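One-letter residues, chain by chain:
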Amino acid sequence: MNLDFSVIIKYLPFLLQGAGLTIELAVLGIAFGIFIGIIAALLKISHTPLRYVAHFYIWLVRGTPLLVQLFLIYFGLPQLGITLSAFASSVLGLGINSGAYLAEVFRGGIEAIPKGQTEASLSLGMGKFLTMRRIIFPQALRISIPSLGNQFIISLKDSSLCSVITMSELLQTSQRFASVTFGSLEFYTTAALLYLLMTTVISAVLRSLEWRLSKENRTRAC
Amino acid sequence: MELTKINEKSMINVNCLVKDFGNHRVINGINATVSPGEVVVLIGASGSGKSTFLRCLNGLEALTSGEILIDSVPLERNSKSLKEIRRQVGMVFQQFNLFPHLTVLENIIEAPIHVLNRPKSKAIKDAQELLSKVGLFDKQNCYPGTLSGGQGQRVAIARALAMQPKIMLFDEPTSALDPELVGEVLSVMKQLAEDGMTMVVVTHEMGFAKEVADRVIFIDEGRIVEEGSPTQIFGNPQETRTQTFLGRLSH
């Protein structure tokens, strides 16, 4: 057995740089996914024909692998004259993918809010849109935070798939040095630990966010 | 039943109101008028249609047929008309339906700011006045989850009043409360009635009806069976169904 973790020290700055790109991809991807997810959730619960568009989007995206989606965006779209950089393709792919799952998360959150909330808001003269924006969605978002955090963690790990469309994120960087130094175990172990560190931090941040947003549930001395 | 004439002076006019839920006819031709400042109490067994009738008055339920005029303006099934009517008709629910993510004060200023475009400082001042009136000034920064049922319902009344409605609807406002908390809500409602508010109240509190109502309407199977002053209805009911209903209550 010839394990030599000292080699990691030398390349650590590059690995951290790769991890930085991983975080960037995950954050931008999930932000885009939240945006699409909210729209798709609202369309899905609307009584307009547009809800079928949302149904189709969710069905299509959840039913195909992210890797295939990334290939279609990065290698396929240029044939239609749409050429996106690897970075844009990655963010778009992660966004579209997480958006389909988040649409269901948000829909569940919205439907979990008691009907009386909508009735109270409408009876105060607030319109349907205002009711959704000010009363229902803020409550739905709070319920959705644990699932949202889960999707964030999934997206962060899924961003490793972007390595195959030339993104030098954490996995690809590790792969490069692993083959140069013949230190597969060392580099992939380090990559795994860095992923673990990132997901642990995300979990902790979300737990505190959840706790802070649930302040109305805590009994405060009034 | 004689068709109610549209009275120029009446605050609420209901003509031939019919409401179906699927194949089930919940309201079967109700005609009614409510004058400005009048307090009308609706009584009847559960499932008689009294709550549904109330919910029709601010458009929470769509009418199957018939007509409702609020201050001579017909209630129409489009969002503009509904919003306009709902600004003038406040509603208090059995389950309070306070917004749990907002503080007491935020609950009250929400609609004045976003619907009436009141400046925030003015909305807060008005809300604090209302909270003093219902005896909850010191609770303004609490969340609804920390309030007792009676306090919650008083906040809900203040929230509806903040829109300065012409009419207040109460849908069994004390039915979800512990018995010892009923009084504080009823006294706020009584005060409101004394201040001249037009009120339609669905309740099982016969004491409140006797004391505060100008008129009591007994509803059964989606129809008005009998209406009159509290003295008439409770003291000398004419219809057998009214007698039976009131008889069951006193046992």
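Residues numbered from 1 in each chain as written. Chains lettered and ligands numbered in written order. Predicted model: local features only at pLDDT ≥ 70, side-chain atom pairs only at ≥ 80, totals over all residues. Heavy atoms only, no water.

Undergrad: Even after reading the chapter, I still don't get the overall build of chain B, so can you show me in this structure?
TA: Along chain B, the regular secondary structure elements total nine helices and 10 strands. A compact globule built from 251 residues would reach a C-alpha radius of gyration of about 18 Å, and chain B, at 18 Å, matches this within 12%. Along the longest, intermediate and shortest principal axes, the C-alpha atoms of chain B span 55 × 45 × 35 Å. A buried classification covers 57% of the 251 residues belonging to chain B. (Helix = DSSP H or I, 4+ residues; strand = E, 2+ residues; numbered from the N terminus. Rg over C-alpha atoms; globule rule 2.2 N^0.38 Å. Buried < 20%, exposed > 50% of the residue type's maximum accessible area, 1.4 Å probe, protein only.)

Undergrad: Is there a simple way to explain the layout of surface pockets in this structure?
TA: Rolled over the atoms, a probe with the dimensions of a water molecule shows which regions are left empty. Considering only enclosed or pocket space, the largest pocket measures out at about 1000 Å³ in volume. Around the largest pocket, the lining comprises 31 residues; the ones closest to its centre are His47(A), Thr118(A), Leu122(A), Lys128(A) and Met132(A). Elements represented by at least two residues in the lining of the largest pocket include exactly α1 (6-45), α4 (86-112), α5 (115-123) and α6 (128-158) of chain A together with α2 (79-88) of chain B. Tallied by class, the residues present in the lining of the largest pocket amount to 14 nonpolar, seven polar and 10 charged. (1 Å grid on protein atoms, 1.4 Å probe; cavity = no way out; pocket = protein on both sides within 12 Å on 5 of 7 lines; lining within 4 Å. Points joined across faces, edges and corners; volume = space filled by probe spheres on them. Nonpolar A, V, L, I, M, F, W, Y, C, P; charged D, E, K, R; others polar.)

Undergrad: Honestly, the UniProt feature "domain: ABC transporter" (unreviewed entry) in chain B in this entry has me stumped. Any pointers?
TA: The positions that UniProt labels "domain: ABC transporter" (unreviewed entry) are, in the present scheme, residues 12-246 of chain B. The span residues 12-246 of chain B carries 39% helix and 26% strand; its end-to-end C-alpha distance comes to 27 Å. (UniProt positions renumbered as here; feature names shortened; annotations may be inferred.)

Undergrad: How do you make sense of the UniProt feature "domain: ABC transmembrane type-1" (unreviewed entry) in chain A when you look at a structure like this?
TA: Under the UniProt annotation, "domain: ABC transmembrane type-1" (unreviewed entry) lies at residues 19-206 of chain A. Counted over residues 19-206 of chain A, helix gives 81% and strand 0%. Its end C-alpha atoms are 20 Å apart.

Undergrad: How should the UniProt feature "transmembrane region" (unreviewed entry) in chain A be read in this particular structure?
TA: All names here are of chain A. In this structure's numbering, the residues bearing the UniProt feature "transmembrane region" (unreviewed entry) are residues 20-43, 55-77 and 187-206. Across residues 20-43 one finds 100% helix and 0% strand; the C-alpha atoms that close the span lie 34 Å apart. Secondary structure content for residues 187-206 is 100% helix and 0% strand, and the end C-alpha separation is 29 Å.

Undergrad: In this structure, what is going on with the interface of chain B and chain A? I would like to understand it.
TA: Note on interface size: it is often stated as the accessible area lost on association of the parts. Opposite the 28 residues of chain B that make contact, chain A presents 24 residues. Seen at the junction of chain B and chain A, the total is two salt bridges. Close ionic contact of Arg134(A) with Glu110(B) constitutes a salt bridge, the shortest N to O distance being 2.7 Å. Seen at the junction of chain B and chain A, the total is six residue pairs in polar contact (both at pLDDT 80 or more). Of all the secondary-structure elements, those providing two or more residues to the side of chain B that touches chain A are α2, β6 (89-92), α3 (104-114) and α5 (149-161) of chain B. Of the residues contributing to the side of chain B that touches chain A, the split by class is 14 nonpolar, seven polar and seven charged. (Contact = heavy atoms within 4.5 Å. Salt bridge = Lys/Arg side-chain N within 4 Å of Asp/Glu carboxyl O. Polar contact = N/O pair within 3.5 Å; in protein donor to acceptor, adjacent residues only side chain to side chain.)

Undergrad: Sorry if this is basic, but what is going on with the sheet that holds strand β1 (residues 12-21) of chain B here?
TA: Two orientations exist for strands paired in a sheet by backbone hydrogen bonds: parallel and antiparallel. All names here are of chain B. One open sheet holds the four strands; their spatial order is β2-β1-β4-β5, and the pairing between them is antiparallel. If you trace the sheet from one side to the other, it starts and ends with β2 (24-34) and β5 (73-74), each paired once. Strand direction decides the pairing type here: β1 and β2, joined by eight bridges, are antiparallel. Directly across from Asn13, in β2, lies its bridge partner Thr33. Against the sheet, helix α1 (residues 50-57) makes contact with β1, β2 and β4 (65-70), and its axis sits at roughly 120° relative to β1, the strand it touches most. (Pairing = 2+ DSSP bridges. Axes fitted to C-alpha atoms, helices over the stretch in contact; angles between N-to-C directions.)

Undergrad: Can you help me understand helix α2 (residues 50-62) of chain A in this one?
TA: The α-helix advances 3.6 residues per turn, and as a result positions three or four apart in sequence lie on the same side. Residues and elements named next belong to chain A. For α2, with 13 residues, the first-to-last C-alpha span of 19 Å sits near the 18 Å given by 1.5 Å per residue. What α2 keeps buried is the set Ala54, Tyr57, Ile58 and Val61. Looking straight down α2, one finds that the buried residues subtend no more than 95° of arc, so they occupy a single side. Opposite the packed face of α2, turned more than 90 degrees from it, sit the exposed residues Tyr52 and Trp59. (Expected span 1.5 Å × (residues − 1). Arc of directions from axis to C-beta.)

Undergrad: Got a minute to help me understand the nonpolar core in this structure?
TA: Buried together is how nonpolar side chains tend to be arranged in soluble globular proteins. If you look at the biggest cluster of nonpolar residues, it comprises 73 residues, and the most contacted ones within it are Ile12(B), Val14(B), Ile30(B), Leu42(B), Phe53(B) and Leu57(B). With 10 residues, α6(A) is the largest single contributor of residues to this core. Each residue touching Val14(B), except ones within four places of it in the same chain, is listed here: Ile30(B), Asn31(B), Ala32(B), Phe53(B), Leu57(B), Glu67(B) and Ile68(B). (Core = buried A, V, L, I, M, F, W, Y, C linked by side-chain atoms within 4.5 Å.)

Undergrad: Looking at this structure, how should I read the side chain of Ser51(B)?
TA: All names here are of chain B. Take Ser51: it is sitting in helix α1. Here Asp171 takes part through its side chain, which lies 2.7 Å from a polar atom of the side chain of Ser51. Apart from the residues within four sequence positions on either side, Ser51 is in contact with Asp171, Glu172 and Val202.

Undergrad: Hey, could you run me through a nonpolar patch on the surface in this one?
TA: A surface patch of nonpolar side chains, about 280 Å² in accessible area, is lined by Leu3(A), Phe5(A) and Leu185(A). Accessibility expressed as a relative area gives 52% for Leu185(A), which makes it exposed. (Patch = residues over 30% accessible without salt bridge, like charges linked within 9 Å, V, L, I, M, F, W, Y side chains within 5 Å. Areas by Shrake-Rupley, 256 points an atom, 1.4 Å probe, with all protein chains shown as cover.)

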